[in-house]
Amino acid sequence: MKKILIAAAFIFVTGVTAAQKQKVVFVIIDGVSKDVMESVPTPNLHAIAQEGALLSAYQGGERNEFNQTPTISAPGYYNVLTGVWYHKHNVPDNDIKAPNYNYPTIFRLFKNQFPEGKAAVFSSWQDNRTKLIGEGLAQTGNIKMDYHFDGLELDTVKYPHDKGRKFMSDIDQAVTDEASRVISQNAPDLSWVYLEFTDDMGHMYGDSEQFHNAVQAADRRVGQLWEAIKQRKEKYKEDWLIVITTDHGRDPKTGRGHGGQSDRERASWIVNNAKPINNYAKQTQQVSVVDIVPTICRFLNIKLSADQQRELDGVPLIGKVSLAQPVASTANHKINLTWMPVDNEGKVKVWLASTNDYKQTGRPDHYKLIGEVPVKDGKFNIDLSREATSNFYKVVLEGKYNTVNRWIISK
Ligand SMILES: [Zn+2]
């Protein structure tokens, strides 16, 4: 009798463990606008999307709004890594002079909750680890990646920098080979794979055969990663989420440049194998790349503090969501708020702060509960004549399933 009980308990425990083995790989393919991703044959990306979804997603924050963000590489990656736009993370260009580490990357959110969890980065650009993730910096709590494979671009003996930049394709391949090997053998819980060659070809040749060939090469590399993941799923019954996106599109005229706010430069996309994507992802014409952090948090069961939720600019693409797309405008001493109701359960709490401590010091802001209204109403007005005068407000809309926010900056 005793033996049977122990056997039953063992099955129960291993069953739970197996169900908890969630793992995530996210991939950034540099500088591939949505039209190119769709018109060039990308069978591997499309095979993954068949399991989950291919979503239109914007980069660049919102055009002409307080959160507008240059469509440049490092800001684009940081939008993906932090789930917030430039007005918070403070990376406007590739110099990465002063990232605001008060906004944690997905790696820190993960490590804070799961110190024993394994995190990995595979990348052609060492700054991705040393500056954006901020490995070993006091401001990031000395975060340490468990695996890294990067900096090959600094090895000009093994990878001589030829004019045609073939070396960068070779580096992308080496990065992919190593990422696939580590996924197969060690299965880190959270991995970032970064592939650069596409953007190099875009800059050199614009919309061209060379650029399109590079996109197809990136697709084959994604296929290699996906193969490693599928083998792990099969062999170890792990639950893997793969998310692939791009950091910016390309200029509409020649495809050589980027950095501006044209539709094509802003036109990113998210391919994933998430089953199922939620009503927000289904109902929205264009989700955004800042939605990736809250999505990964949900998948890996990373619990966010109320203050972290109040700052995140994205909305999860899986699970229930109360509201999305908050808009605020001011007129006649009122803040007029609207939002898109998604799952119409419960109420929205409307919070207001005129401090910005979180950005400046990392400490919580002083929010006041202004009102509560059914989520399905989709709107609320804040009467400012009853509040302290300020030229800066943060509005937080807290639903049952998620929280969104808006800043109001008077000129
Ligand atoms: Zn880029």
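These lines cover the structure that appears in this document, whether it is placed above or below. (Residues numbered from 1 in each chain as written. Predicted model: local features only at pLDDT ≥ 70, side-chain atom pairs only at ≥ 80, totals over all residues. Heavy atoms only, no water.)

### Examining the nonpolar core
Then comes step 1: Counting 78 residues, the largest nonpolar core has F26, I106, F107 and W192 as the members making the most contacts within it.
Then comes step 2: Looking at which element gives the most residues to this core, the answer is helix α13 (residues 292–300), with six residues.
Then comes step 3: Not counting the four nearest positions on each side in its chain, W192 is found in contact with F26, I28, Y77, L81, F107, A120, V121, F122, N128 and I133.
Then comes step 4: Listed in part, the 41 residues of the second largest apolar core include M37, Y159, I171 and A179. (Core = buried A, V, L, I, M, F, W, Y, C linked by side-chain atoms within 4.5 Å. Buried < 20%, exposed > 50% of the residue type's maximum accessible area, 1.4 Å probe, protein only. Helix = DSSP H or I, 4+ residues; strand = E, 2+ residues; numbered from the N terminus. Contact = heavy atoms within 4.5 Å.)

### Comments concerning the coordination of the zinc ion
Then comes step 1: Coordination of the zinc ion by the protein involves D30 (OD), S73 (OG), D247 (OD) and H248 (NE2), with metal-donor separations of 1.9 to 2.1 Å.
Then comes step 2: With four donor atoms in place around the zinc ion and angles of 94 to 137° between them, the coordination shape is irregular. (Donors = N, O, S within 2.8 Å, 3.2 Å for Na, K, Ca; no water. Tetrahedral: all angles 85-135°; square planar, octahedral: opposite > 155°, others 65-115°.)

### Topic: the pairing of strand β11 (residues 347–353)
Then comes step 1: Judged by how many residues are buried, β11 sits mostly within the fold: five of seven residues are covered.
Then comes step 2: Bridging between β11 and strand β12 (residues 368–374) involves six bridges; their strand directions are antiparallel. For V350, the partnering residue across the bridge sits in β12 and is G371.
Then comes step 3: Pairing of β11 with strand β14 (residues 392–398) involves five bridges; the strand directions are antiparallel. Each residue of the ladder has a partner; that of A353, found in β14, is K394. (Pairing = 2+ DSSP bridges.)

### Things to note about the environment of D35
Then comes step 1: Assignment of secondary structure puts D35 in helix α2 (residues 34–39).
Then comes step 2: Owing to a relative accessible area of 36%, D35 belongs among the partly exposed residues under this scheme.
Then comes step 3: Looking at D35, its side chain comes within polar contact range of the side chain of S33, at 2.7 Å.
Then comes step 4: In terms of polar contacts, D35 uses its side chain to reach the side chain of R264, at 3.0 Å. (Polar contact = N/O pair within 3.5 Å; in protein donor to acceptor, adjacent residues only side chain to side chain.)

### What about the environment of V80?
Then comes step 1: Tracing the backbone shows V80 in helix α4 (residues 73–82).
Then comes step 2: In this structure, the C-alpha to C-alpha distance between V80 and F149, residues 69 residues apart in sequence, is 20 Å.
Then comes step 3: Apart from residues no more than four positions distant in its own chain, V80 is found in contact with F26, I28, Q59, T245, V289, I292 and V293.

### Side note on the sheet that holds strand β4 (residues 147–149)
Then comes step 1: Taken in spatial order, the eight strands line up as β4-β3-β5-β1-β6-β7-β2-β8 in an open sheet, and their pairing is mixed. Only two strands of the sheet have a single neighbouring strand rather than two, namely β4 and β8 (287–288).
Then comes step 2: One ladder, built from three bridges, connects strand β6 (residues 239–245) with strand β7 (residues 267–272); its direction is antiparallel. Its bridge partner being in β7, T245 is matched across the sheet by I270.
Then comes step 3: Along the sheet, helix α3 (residues 43–51) makes contact with β2 (53–58), β6 and β7, crossing β7 at roughly 65°. (Axes fitted to C-alpha atoms, helices over the stretch in contact; angles between N-to-C directions.)

### Focus on the environment of I72
Then comes step 1: With respect to the helices and strands, I72 occurs in the loop between β2 and α4.
Then comes step 2: The sequence separation of I72 and H258 amounts to 186 residues, and the corresponding C-alpha distance is 6.7 Å.
Then comes step 3: Non-local contacts of I72, meaning those with residues more than four positions away in its chain, are made with P92, D93, N94, D247, H248, H258 and G259.

### Section: the sheet that holds strand β10 (residues 334–341)
Then comes step 1: A sheet is described by the order of its strands in space; here three strands give the open sequence β9-β10-β13, paired in antiparallel fashion. Lying at the two open borders of the sheet, with one neighbouring strand each, are β9 (323–331) and β13 (379–383). This sheet shows a mean twist of 20° between the axes of neighbouring strands, independent of strand direction.
Then comes step 2: Pairing of β10 with β13 involves five bridges; the strand directions are antiparallel. When the sheet's bridge partners are listed, I335 is paired in β13 with I382.

### Points about the pattern of salt bridges
Then comes step 1: Evaluation of the coordinates by the stated rule reveals 28 salt bridges.
Then comes step 2: The shortest N-O distance in the salt bridge between E62 and R406 comes to 2.9 Å. Of this pair, E62 sits in the loop between β2 and α4 while R406 sits in strand β15 (residues 403–409), and the two are 344 residues apart along the sequence.
Then comes step 3: Under the relative-accessibility criterion, E62 is labelled partly exposed at 21%.
Then comes step 4: On the basis of relative accessibility, which here comes to 6%, the residue R406 falls in the buried class.
Then comes step 5: The residue E311 makes a salt bridge to K394 at a minimum N-O spacing of 2.8 Å. (Salt bridge = Lys/Arg side-chain N within 4 Å of Asp/Glu carboxyl O.)

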